[in-house]
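Each chain, written out:
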Amino acid sequence: EVQHECHEVLQYALDEICKLVNLPAIYPVGGDFFSQMGVAPLPSDVDIILLKRLLYDRFKVEVPLTSLGNNKLIRISVQCYNSVADIDVLLGALRQLI
């Protein structure tokens, strides 16, 4: 039950980030390609080093950002102690910074 709830929160996060950046999801919607950890795309012009620093310095949000080839990605892991409110803080920060 906890794993399912975490999956649902992660699905929400991935969907909202894709909407925010106007990029397609990496995983099929409703698929089981991820459980409690997944990645979402970021715009190719985002400076992920600066974004990571600003997320932490301004919002106390720590989240891995990486690149794979020309793709920039944000990796989100949802555990039993994370909530939709936590994801909303991340989303609000991304809205301000991207």
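Structural notes, computed from the coordinates.

Each helix and strand counted, the protein has 3 helices and 3 strands in total. Listing each helix as α and each strand as β along the protein from the N terminus yields α-β-α-β-β-α. Taken against the 2.2 N^0.38 rule, which gives 13 Å for 98 residues, the C-alpha radius of gyration of the protein at 13 Å falls within 12% of a compact globule. Across its three principal directions, the C-alpha atoms of the protein cover 35 × 25 × 20 Å.

Two packed helices can be described by the angle between their axes and the distance between those axes. One can describe the packing of helix α1 (residues 2-21) onto helix α3 (residues 84-97) by two numbers: an axis separation of 10 Å at closest approach and a directional angle of 15°. Relative to α3, α1 is oriented roughly parallel. As α1 runs across α3, the sense of the crossing is right-handed. Across from V9, Y12, A13, E16, I17 and L20 in α1, the residues of α3 making contact are V84, I87, D88, L90, L91, L94 and R95. The residue inventory of the contact of α1 with α3, partitioned by class, reads 10 nonpolar, no polar and 3 charged.

It is worth spelling out the pattern of salt bridges at this point. Tallying each qualifying case throughout the model produces 2 salt bridges. The salt bridge partner of K19 is E16, with a shortest N-O separation of 3.1 Å. Of this pair, K19 and E16 both sit in helix α1, separated by 3 residues, roughly a single helical turn.

Attention now moves to the sheet that holds strand β1 (residues 37-42). Taken in spatial order, the 3 strands line up as β1-β3-β2 in an open sheet, and their pairing is antiparallel. Pairing within the sheet leaves two strands with one partner each, and these edge strands are β1 and β2 (65-68). With strand direction ignored, the average angle separating the axes of adjacent strands in the sheet is 35°. Examined bridge by bridge, β1 and strand β3 (residues 71-77) share 6 bridges and lie antiparallel to one another. Opposite P41, over in β3, you have L73 as the bridge partner.

Further remarks concern the environment of P43. With respect to the helices and strands, P43 occurs in the loop between β1 and α2 (48-59). Taking relative accessible area as the criterion, P43 reaches 15% and is therefore assigned buried. The sequence separation of P43 and N22 amounts to 21 residues, and the corresponding C-alpha distance is 8.5 Å. Once you skip the residues sitting within four places of it in the chain, P43 turns out to touch V21, L23, K72 and I98.

Vacant regions in the atomic arrangement are exposed by a probe of water-molecule size rolled over the atoms. Within the structure shown, the criterion is met by 1 cavity of 30 Å³ or more. Estimated volume of the largest cavity: approximately 60 Å³. Along its surface, the largest cavity is lined by 11 residues, and Q11, L14, D15, A25 and Y27 are the ones closest to its centre. Here the lining of the largest cavity takes 4 residues from α1, the largest share from any one element. Broken down by class, the residue content of the lining of the largest cavity amounts to 9 nonpolar, 1 polar and 1 charged.

Calculation criteria
- Throughout, a residue's number is its position along its own chain's written sequence, starting from 1.
- Under the rules for a predicted model, residues below a pLDDT of 70 receive no local features and side-chain atom pairs below 80 are neither given nor counted, while totals for whole chains, interfaces and linings still include all residues.
- Hydrogens and waters are ignored; side-chain quantities use all the structure's heavy atoms.
- Each helix is a run of DSSP H or I of at least 4 residues and each strand a run of E of at least 2, with the numbering of both proceeding from the N terminus.
- Note on method: radius of gyration uses C-alpha positions; expected globular size equals 2.2 Å times residues raised to 0.38.
- Axis angles are defined between N-to-C directions and span 0 to 180 degrees, where every axis is a line fitted to C-alpha atoms and, for a helix, only to the segment in contact.
- Here the word oblique covers every angle except those under 35 degrees (roughly parallel), over 145 (roughly antiparallel) and from 65 to 115 (roughly perpendicular).
- In a left-handed crossing the near helix is turned counterclockwise from the far helix by less than a right angle, and in a right-handed crossing that turn is clockwise.
- Contact between two residues is taken to exist if any of their heavy atoms lie within 4.5 Å; hydrogens are not considered.
- All amino acids are sorted into three groups, where Ala, Val, Leu, Ile, Met, Phe, Trp, Tyr, Cys and Pro are nonpolar, Asp, Glu, Lys and Arg are charged, and the leftover types, Gly among them, are polar.
- One side-chain nitrogen of Lys or Arg within 4 Å of one carboxyl oxygen of Asp or Glu is enough to make a salt bridge.
- Any two strands are treated as partners once DSSP identifies two or more bridges connecting them.
- Each residue gets one of three labels from its accessible area relative to the maximum for its type: buried under 20%, exposed over 50%, partly exposed in between, using a 1.4 Å probe on protein chains only.
- A cavity here means a set of 1 Å grid points, computed over protein atoms only, where a 1.4 Å probe fits but cannot escape. A pocket is an open set with protein on both sides within 12 Å along at least 5 of 7 lines, and lining residues have an atom within 4 Å of a point.
- Grid points are joined across faces, edges and corners, and a volume is the space filled by probe spheres set on the points.

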